[in-house]
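Here's the letter readout for the chains.
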Amino acid sequence: MSELALILAIFLLANLLVALLRMTRRPTPADRMLAALLFGTTGVALLLLLAYAEDAPVLVDIALTLALLGAVIGVAFVQRGWNQEREEENGRS
């Protein structure tokens, strides 16, 4: 691994540590979901970095699958929150 790749990997791992600390301080559902999305995007970045450093194209496929899964999970979370907000508005009327 080159020096730049090593520095980037350390930065990404520190990013995960900060996200973990944030998740323990404010355990609301939105904070947990944002932390999960951050874990997903950081995992994608680490996989792409590893694929570049080790010349392993199969890791790019895994990273793309993880990115797609993260996007679907994010949309599902927003849809769930939107539906709950509408139900609360209908209950008040």
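Up top is the structure.
Computed from a prediction, not measured in an experiment: that's the story for all the values here. (Residues numbered from 1 in each chain as written. Predicted model: local features only at pLDDT ≥ 70, side-chain atom pairs only at ≥ 80, totals over all residues. Heavy atoms only, no water.)

**Re the overall build of the protein**
- Helix and strand counts for the protein stand at three helices and zero strands.
- In sequence order, the secondary structure elements of the protein are arranged as α-α-α.
- The buried share of the protein, taken over its 93 residues, is 20%.
- Counted over contacts in the protein with a minimum sequence separation of 6, partners at least 24 positions apart contribute 47%.
- On the protein, roughly 7,100 Å² of surface is accessible, and the fraction owed to carbon and sulfur atoms is 68%. (Helix = DSSP H or I, 4+ residues; strand = E, 2+ residues; numbered from the N terminus. Buried < 20%, exposed > 50% of the residue type's maximum accessible area, 1.4 Å probe, protein only. Contact = heavy atoms within 4.5 Å. Areas by Shrake-Rupley, 256 points an atom, 1.4 Å probe, with all protein chains shown as cover.)

**Brief notes about the nonpolar core**
- Grouped together as the largest cluster of nonpolar side chains are six residues: Val-44, Leu-47, Ala-51, Ala-56, Leu-59 and Ala-63.
- Secondary structure elements with two or more residues in this core: helix H2 (29-54) and helix H3 (58-92).
- Ranked by residue count, the leading element in this core is H2, at three residues.
- Each residue touching Ala-63, except ones within four places of it in the same chain, is listed here: Val-44, Leu-47 and Leu-48. (Core = buried A, V, L, I, M, F, W, Y, C linked by side-chain atoms within 4.5 Å.)

**Focus: H2**
- For H2, with 26 residues, the first-to-last C-alpha span of 37 Å sits near the 38 Å given by 1.5 Å per residue.
- Within the sequence span of H2, burial applies to Asp-31, Met-33, Ala-35, Gly-40, Thr-42, Gly-43, Val-44, Leu-47, Leu-49 and Ala-51.
- Following H2 by one or two positions, Asp-55 has its phi on the positive side, about 55°. (Expected span 1.5 Å × (residues − 1).)

**What to know about unusual backbone geometry**
- With a phi angle near 55°, Asp-55 is a residue other than glycine that sits in the positive phi range.
- Its place among the elements puts Asp-55 in the loop between H2 and H3.

**Quick notes on a nonpolar patch on the surface**
- Together, Leu-17, Leu-20 and Leu-21 give the surface a local cluster of nonpolar side chains, amounting to about 280 Å² of exposed area.
- With respect to the helices, strands and loops of the structure, Leu-20 is situated in helix H1 (residues 3-25). (Patch = residues over 30% accessible without salt bridge, like charges linked within 9 Å, V, L, I, M, F, W, Y side chains within 5 Å. Salt bridge = Lys/Arg side-chain N within 4 Å of Asp/Glu carboxyl O.)

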